[in-house]
Amino acid sequence: MKCIAVYTNSFELFSDIYEQVINTPLGENEEKVIEGVTVSESGEVPQNYIDKMKTKPEVVVMKVKDSDITILQHRDVFEIFLPEKETAAIS
């Protein structure tokens, strides 16, 4: 799964820019600033990383309805995990 990191601890701000983040083309390890928030493409992440993070009590897990997108929030970062089919549709 492709991972996009969004560096903010504000759920409200993350929600405001979410659509723009997933629709912004990013190259591998590329960073951009969207409405003052740093966003970076973090490359491919194995499923076992996501599964491990989901078990931690300090991690909030969100699923996007009608999609296979998973979002993890921990500390000051939101990690958006896009499956390959979603990545192809967005690129």
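Residues numbered from 1 in each chain as written. Predicted model: local features only at pLDDT ≥ 70, side-chain atom pairs only at ≥ 80, totals over all residues. Heavy atoms only, no water.

## Focus: the overall build of the chain
- Looking only at helices and strands, the chain has three helices and six strands in total.
- Start at the N end of the chain and walk to the C end: the helices and strands fall as β-α-β-β-α-β-β-β-α.
- In terms of overall dimensions, the chain is globule-like: its C-alpha atoms have a radius of gyration of 12 Å, near the 12 Å expected for 91 residues.
- Taken along the three principal axes of its C-alpha coordinates, the chain extends 30 × 30 × 25 Å.
- When the 91 residues of the chain are sorted by exposure, 43% land in the buried category.
- For the chain, long-range pairs separated by at least 24 residues make up 50% of all intrachain contacts whose partners lie at least 6 apart in sequence.
- Working note: accessible area of the chain is about 5300 Å², and carbon and sulfur atoms make up 49% of it.
- Placing the 9 positive and 17 negative side-chain charges of the chain at their respective mean positions leaves the two points 6 Å apart. (Helix = DSSP H or I, 4+ residues; strand = E, 2+ residues; numbered from the N terminus. Rg over C-alpha atoms; globule rule 2.2 N^0.38 Å. Buried < 20%, exposed > 50% of the residue type's maximum accessible area, 1.4 Å probe, protein only. Contact = heavy atoms within 4.5 Å. Areas by Shrake-Rupley, 256 points an atom, 1.4 Å probe, with all protein chains shown as cover. Lys, Arg positive; Asp, Glu negative; His and termini not counted. Charge placed at Lys NZ, Arg CZ, Asp CG, Glu CD.)

## Regarding the environment of D68
- With respect to the helices, strands and loops of the structure, D68 is situated in the loop between β4 (60-63) and β5 (70-74).
- C-alpha separation for the pair D68 and I4, spaced 64 residues apart in sequence, amounts to 14 Å.
- A distance of 3.4 Å separates polar atoms of two side chains, one belonging to D68 and the other to K63. (Polar contact = N/O pair within 3.5 Å; in protein donor to acceptor, adjacent residues only side chain to side chain.)

## Examining the pairing of β4
- As paired strands, β4 and β5 are joined by four bridges and run antiparallel to one another. Looking at the pairing, V61 lines up with L72 of β5.
- Adjacent in sequence and paired antiparallel, β4 and β5 are bridged by six residues, among which D66 carries a positive phi angle near 65°. (Pairing = 2+ DSSP bridges.)

## A short note on the side chain of S40
- Topologically, S40 is positioned in strand β3 (residues 37-44).
- Since its relative accessible area comes to 6%, S40 is described here as buried.
- Not counting the four nearest positions on each side in its chain, S40 is found in contact with C3, I4, A5, Y7, L26, E30 and E31.

## Comments concerning the sheet that holds β3
- One open sheet accounts for six strands, arranged β2-β3-β1-β6-β5-β4; its pairing is antiparallel. What marks the edges here is a single partner per strand, and that holds for β2 (31-34) and β4. Each adjacent strand pair in this sheet contributes to an overall mean axis angle of 25°, direction not counted.
- Sheet strands in contact with helix α1 (residues 11-22) are β1 (2-7), β2, β3, β4, β5 and β6 (77-82), and its direction is about 35° off that of β6. (Axes fitted to C-alpha atoms, helices over the stretch in contact; angles between N-to-C directions.)

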